[in-house]
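Observations on chain architecture
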Amino acid sequence: MLIDTHAHLNFNAFRDDVEEVIKRCADQKVGVINVGSEYKTSKRAVEMAEKHEGLWAAIGVHPGHLSEREIDDGEGNLIRSAVEKFDRKKYFELAKSKKVVAIGEVGLDYYNGEENKKEQVEAFKEQIKLAVDLDLPIAVHCRNAYKDILEVITEEKKKYGEKMRGVIHSYLGRLSYAQIFNEIGFSVAFNGIITYARDYDKVIKNIDLKYILAETDCPWLTPVPYRGERNEPLYVRYVAEKIAEIKDISNEEAAKVTTENAKKLFKI
Ligand SMILES: [Zn+2]
């Protein structure tokens, strides 16, 4: 069994054939955590998870949804993002489903500028608190903001201790930051990027496998050998195989340990 710890089958790119994609996952024993980026997609992730055994959900407001901006809809079209302010009550309600295994994706994204930095940090902290109150891990999104994300997480960690745990998804930071995240118990997750860019080999090689998770972030970031096509959870296999190659261990070992790591963090 493998678990894709960060997928978006709840997004429009899968609108037409999501049931077939889910069936392929079930046939090949690939579990999927569908991650929401706003209320609508969070709710959809929960509904899908309630319906299918091998699916789980993460719910939260992505930093990119705190202000209007252009986003890729997963089919190559740029659309205006829906603007949402984090409403704790609504997410608290959604989290009553037993299939909700994380709060995410939450975090900081300075790719389109830092004007609303204060607001992003505030929404991130509020969602960390929600996760702690619900005894759930956080699935963290970070783009062009590693220094700040490290600061917020280490600061909040001092406040919440063991109750605060999580994963930095699609890890693109440097090795020294990954080591600090691991020291405070946070995992880092890798996706298809590692199959075609060599920039993260050093990080993967030098951190303990017990802190590494595999994901796809589908529909984006399709791994080799399917570059150019839509990504899907089944391809998490190629991510696990690349981790095996970089760490010089067997594919079975990499699959087994990354799956155990996912089960432990998300309690599934
Ligand atoms: Zn994502």
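Before any of the text, the structure's been laid out above.
Residues numbered from 1 in each chain as written. Predicted model: local features only at pLDDT ≥ 70, side-chain atom pairs only at ≥ 80, totals over all residues. Heavy atoms only, no water.

1. A few points about the layout of surface pockets
Of the pockets and cavities examined, the second largest pocket occupies roughly 430 Å³. Gly-185, Ser-187, Tyr-211, Lys-264 and Leu-265 are the residues nearest the centre of the second largest pocket, which is lined by 13 residues in total. Classifying every residue of the lining of the second largest pocket gives four nonpolar, three polar and six charged. (1 Å grid on protein atoms, 1.4 Å probe; cavity = no way out; pocket = protein on both sides within 12 Å on 5 of 7 lines; lining within 4 Å. Points joined across faces, edges and corners; volume = space filled by probe spheres on them. Nonpolar A, V, L, I, M, F, W, Y, C, P; charged D, E, K, R; others polar.)

2. Structural notes on the coordination of the zinc ion
The protein atoms donating to the zinc ion are His-6 (NE2), His-8 (NE2), Glu-105 (OE) and Asp-217 (OD), with metal-donor distances spanning 2.2 to 2.5 Å. For the zinc ion, all donor residues lie on one chain, and their spacing in sequence is H-x1-H-x96-E-x111-D. Of this pair, Glu-105 sits in strand 6 (residues 100-109) while Asp-217 sits in the loop between strand 10 (212-214) and helix 9 (236-247), placing them 112 residues apart in sequence. There is no split in this pair, since Glu-105 and Asp-217 are both buried. (Donors = N, O, S within 2.8 Å, 3.2 Å for Na, K, Ca; no water. Helix = DSSP H or I, 4+ residues; strand = E, 2+ residues; numbered from the N terminus. Buried < 20%, exposed > 50% of the residue type's maximum accessible area, 1.4 Å probe, protein only.)

3. Structural notes on the pairing of strand 3 (residues 55-59)
Looking down a regular strand, the side chains alternate between one sheet face and the other. The buried count for strand 3 comes to five of five residues, which makes it a mostly enclosed element. With burial as the criterion, each face of strand 3 is covered, one bearing Leu-55, Ala-57 and Ile-59 and the other bearing Trp-56 and Ala-58. With four bridges joining them, strand 2 (residues 30-35) and strand 3 adopt parallel strand pairing. Bridge assignment links Asn-34 to a residue of strand 3, and that residue is Ala-57. For the segment spanning strand 2, helix 2 (residues 39-51) and strand 3, crossover handedness is right-handed. Of the pairings in the sheet, the one linking strand 3 to strand 6 comprises three bridges and is parallel in character. For Ala-58, the partnering residue across the bridge sits in strand 6 and is Ala-102. (Pairing = 2+ DSSP bridges. Right-handed = clockwise from strand over helix to strand, strands pointing away.)

4. With respect to the nonpolar core
If you look at the biggest cluster of nonpolar residues, it comprises 78 residues, and the most contacted ones within it are Phe-124, Ile-138 and Tyr-171. Broken down by element, the residue count for this core peaks at seven residues, all from helix 4 (residues 117-134). In contact with Tyr-171, other than residues within four places in its own chain, are Tyr-146, Tyr-177, Ala-178, Phe-181, Val-188, Ala-189, Phe-190, Tyr-200 and Val-203. In terms of nonpolar packing, the next biggest core, distinct from the first, is built from 14 residues, Ile-3, Ala-58, Val-101 and Ala-262 among them. (Core = buried A, V, L, I, M, F, W, Y, C linked by side-chain atoms within 4.5 Å. Contact = heavy atoms within 4.5 Å.)

5. Here we look at the pattern of salt bridges
Taken as a whole, this structure holds 18 salt bridges when the rule is applied. Of the charged contacts in the structure, one is a salt bridge between Asp-17 and Arg-230, with a shortest N-O distance of 2.8 Å. Placement of Asp-17 in the loop between strand 1 (2-7) and helix 1 (18-27) and of Arg-230 in the loop between strand 10 and helix 9 is noted, with a sequence separation of 213 residues between them. The partly exposed category is assigned to Arg-230, whose relative accessible area is 27%. (Salt bridge = Lys/Arg side-chain N within 4 Å of Asp/Glu carboxyl O.)

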